Amino acid sequence: MQTLNISDVDFAEPGNMSCPGCGASIAMNLALKALGQDTILVIPACCWAIIAGPYPMSSLKVPILHTAFPSAAVTASGVRAGLDMKGDTKTTVVAWAGDGGSFDIGIQSLSGAAERNDDIIFVCYDNEAYMNTGVQRSSSTPYGSRTTTTPGQGWKKTRKKNMIEIMAAHGVSYAATANIAYPEDLIRKFKKARELKGGTRFIHVYATCTTGWGAPSEYAVKIARLATRCNLFPLYEVEDGITYTLNEKGDTPVDAYLNLQGRFKHLSLEDKAGIQNQVDKDFAVLKNKLSVC
Amino acid sequence: MKPAVDTGKHFINGDIACAEGAIAAGCLFFGGYPITPATEVAEHMSERLPHVGGTYIQMEDEIAAMTSILGGAWTGKKTMTATSGPGFSLMMETVGLAIVTETPCVVVNVQRGGPSTGLPTQGAQADMMQAKWGSHGDYEIIALAPSSPQEMFDLTITAFNLSEKYRTPVFIMSDEIVGHMSEKVVIPKKEAIKTISRIQPRGKKNNFHPFKPGPNGVAPMPSIGQGYKVHVTGLTHDEKGYPVMSVDTQAEMMERLLGKIRNNLDDIIMTDQYLLDDADIVIVSYGVSSRTSYTAVDMAREQGIKAGLLRLITVWPFPDRLIKELALRVKGFITVEINMGQISREVERCAGYKAPSYLAGHPGGAVVPPEQVISIMKEAF
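For the structure given in this document, a descriptive report is provided here. All values reported here derive from a predicted model rather than from experimental measurement.

Brief notes about the environment of N216 of chain B
Mapping N216 of chain B onto the fold places it in the loop between β9 (182-187) and α8 (247-262). For N216 of chain B, the residues in contact, after removing those within four places along its chain, are K165, Y166 and N264 of chain B.

So, the packing of helix α10 (residues 289-302) of chain B against helix α13 (residues 370-380) of chain B
Packed helices, taken two at a time, are described by the angle between their axes plus the distance between the axes. Residue and element names in this part refer to chain B. Orientation of α10 relative to α13, taken along the N-to-C sense of each, is 50°, at an axis distance of 8 Å. As the angle between them shows, α10 and α13 are arranged oblique. Note that α10 runs across α13; the crossing there is right-handed. Residues T292, T295, A296, M299 and A300 of α10 lie in contact with α13, whose contacting residues are P370, E371, V373, I374 and M377. Of the residues that constitute the contact of α10 with α13, the class distribution is 7 nonpolar, 2 polar and 1 charged.

Comments concerning the nonpolar core
In terms of nonpolar packing, the biggest core is built from 61 residues, with I43, W48, L60, W96, F190, V205 and Y257 of chain A touching the most fellow members. A total of 8 residues in this core trace back to one element, the largest contributor, which is helix α1 (residues 23-35) of chain A. The residues touching W48 of chain A, leaving out its near neighbours within four places in the chain, are N16, A24, S25, M28, I43, S59, L60, W96 and Y125 of chain A. Residues F30, L144, F160 and I172 of chain B belong to the second largest nonpolar core, which totals 46 residues.

Section: the sheet that holds strand β4 (residues 121-126) of chain A
All names here are of chain A. Spatial ordering of the open sheet is given by β2-β1-β3-β4-β6-β5-β7-β8, a layout of 8 strands whose pairing is mixed. Either end of the sheet is taken by a strand with one partner, and the two such strands are β2 (64-66) and β8 (243-246). Across the sheet, the mean angle from the axis of one strand to that of its neighbour is 15°, orientation sign disregarded.

Focus: the pattern of salt bridges
Pairs can form between side chains of opposite charge whenever their charged atoms are close. Residue and element names in this part refer to chain B. Applying the stated criterion across every chain, the model contains 31 salt bridges over all chains. The partner of R262 in a salt bridge is E140, and the shortest N-O contact between them spans 2.6 Å. Separated by 122 residues along the polypeptide, R262 in helix α8 and E140 in the loop between α5 (128-133) and β7 (142-144) bring together distant segments of the chain. Relative accessible area serves as the criterion here: at 46%, R262 is assigned to the partly exposed category. Its salt-bridge partner being E183, residue R291 comes within 2.5 Å of it at the nearest N-O pair. In this pair, R291 sits in helix α10 while E183 sits in strand β9, placing the two residues 108 residues apart along the sequence. The partly exposed category is assigned to R291, whose relative accessible area is 30%.

Topic: the sheet that holds strand β14 (residues 332-337) of chain B
The strands making up a sheet are joined through hydrogen bonds of the backbone, oriented either antiparallel or parallel. All names here are of chain B. Reading across from one edge, β10-β12-β11-β14-β15 is the order of the 5 strands in this open sheet, with mixed pairing throughout. For this open sheet the edge positions go to β10 (271-274) and β15 (357-361), each flanked by a neighbour on one side alone. Taken over all neighbouring pairs, the strand axes of this sheet differ in orientation by 20° on average, direction set aside. Taken together, the 6 bridges between strand β11 (residues 281-286) and strand β12 (residues 307-312) define a ladder with parallel strand orientation. Among the inter-strand pairings, I283 is bridged to a residue of β12, identified as L309. Running over the sheet, α10 touches β10, β11, β12 and β14 and is turned about 165° from β12.

Criteria and thresholds
Residues numbered from 1 in each chain as written. Chains lettered and ligands numbered in written order. Predicted model: local features only at pLDDT ≥ 70, side-chain atom pairs only at ≥ 80, totals over all residues. Heavy atoms only, no water. Helix = DSSP H or I, 4+ residues; strand = E, 2+ residues; numbered from the N terminus. Contact = heavy atoms within 4.5 Å. Axes fitted to C-alpha atoms, helices over the stretch in contact; angles between N-to-C directions. Parallel < 35°, antiparallel > 145°, perpendicular 65-115°, else oblique. Left-handed = near helix turned anticlockwise from the far one by under 90°. Nonpolar A, V, L, I, M, F, W, Y, C, P; charged D, E, K, R; others polar. Core = buried A, V, L, I, M, F, W, Y, C linked by side-chain atoms within 4.5 Å. Buried < 20%, exposed > 50% of the residue type's maximum accessible area, 1.4 Å probe, protein only. Pairing = 2+ DSSP bridges. Salt bridge = Lys/Arg side-chain N within 4 Å of Asp/Glu carboxyl O.

Here is the structure:
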């Protein structure tokens, strides 16, 4: 048996409002272990706005500013500016948004903060649709996935927005992908992000939603691990928009990942082959970036 | 596959009835963005539109949802979006654009408790003044308040008709309770549904003025690509549509925008009146609050109080004249609404010093109980 080197100190309480098997909940638990007590979280409308909230199940031991849907990044910018004026350089300001609040309605303020290089960590916990309102598609929903609006009973025919590359293109000091199934890697990345204080840092966390994806809750981590093993969600870091480091190399066919989830069950063998082809192409592009630096 | 008009008796919630009403009215484009408690409108449009030759697009936010329906409307299609409080706030800039460009479209607000994120899963009627004044500048707006799933269907058709007739955005000011409650909804035969489409220009394509009012104060509306020269702008513009930065043009444009509503009040304003003829005390209400108001009237009558109900089906433009006339002959007014005093202020304004006006309000999350209305009534009169 392998023992993970993860701190026992928790800043997230159990018994919160999340669904069974919530990847976003695992993500928060791990992230706070890395970020520690001196953290302020800014959370826009998303599942975590609910999970963190209701008394007496309020689940986090750090301060939370629940903000408007479009503006997690810039609320964090304002908090940072205020703390700086008070001479507080110790506290880490973290915007913690879902994929809607990062990829869709949140991208304008996120891009603004990144261009100004505001001193915040922006975390997108990505469950690939609007889960809090009942599984509507977002621009993070992957090709082939069914939601309630893709449209109707149809499935999504366009690709997932490549968020980390968009953020890397801003030239931020640190952009990384992380995955709840790789806790040590995730914690290392959050610690690194905290230490690279001074500008905008972006972490894209893959966070399973078994409720929305049509999978048994006990598969939350398994599905997440397969996403990386299939190269659907490669784990890598980009420093200053230039230096790429790949953390995991996958070799598993995408079928293993797709077949576990109801949201993909309508796909034909041909559709799945098409997804495999696209994943291979995307991974080749990523590998080229590795060889450049 | 279901036809556009799904004739028959249904047991559906208000959001779905609203979507069915839109499709029955000829809506072919919906710009959607999920938000509780309006998401079901988007989901149902997403399901239905592709089967009736229409298009559902899920947008990246409410700014996009609202603006996309203006784009769709200028191609000649009937278009709609649906949202709730926070999304309604984000749409407000574009509401002004729709008004000034005289673009027909329908915006559904399934209201929830506010301010801000508020009570996403519980009802309120606290965006009523935002519906009137939420966008900057001076304008008239049309807003309807359905009180049941059946009215979500019926008034959505009416909203499209008014929108097309007056070339203006029309709000459906629903709420979470009406949106999420399921009741019987009767969808009539297609032939029995009256739908209106915008008047299109005819004749010469040269020298056409897309903002020159016709007989009812509304200009015929061309579609982009139809051959008429179209220049649509949010800047102050003359009848040709081109920007003119002058005091005179501003005055002419404002007269046109306000006039087409203010000069057609009898056509736009709809009310329902219950035991009003001999009433001493008038309960004014709208939407879901009117449902408990009917009960309040009955309870008052049982106790020998001559109460009557004026239910506003059209909330904006406000029925000033009707309230002013009532104020001359009744003891006073009680406005029942799920906010802490919005439409009650309008009633107070119209009643002036002729009759006192009271509020039976609620901070949000539930309806005003009829007992509260009776208690205020007894205390006040």
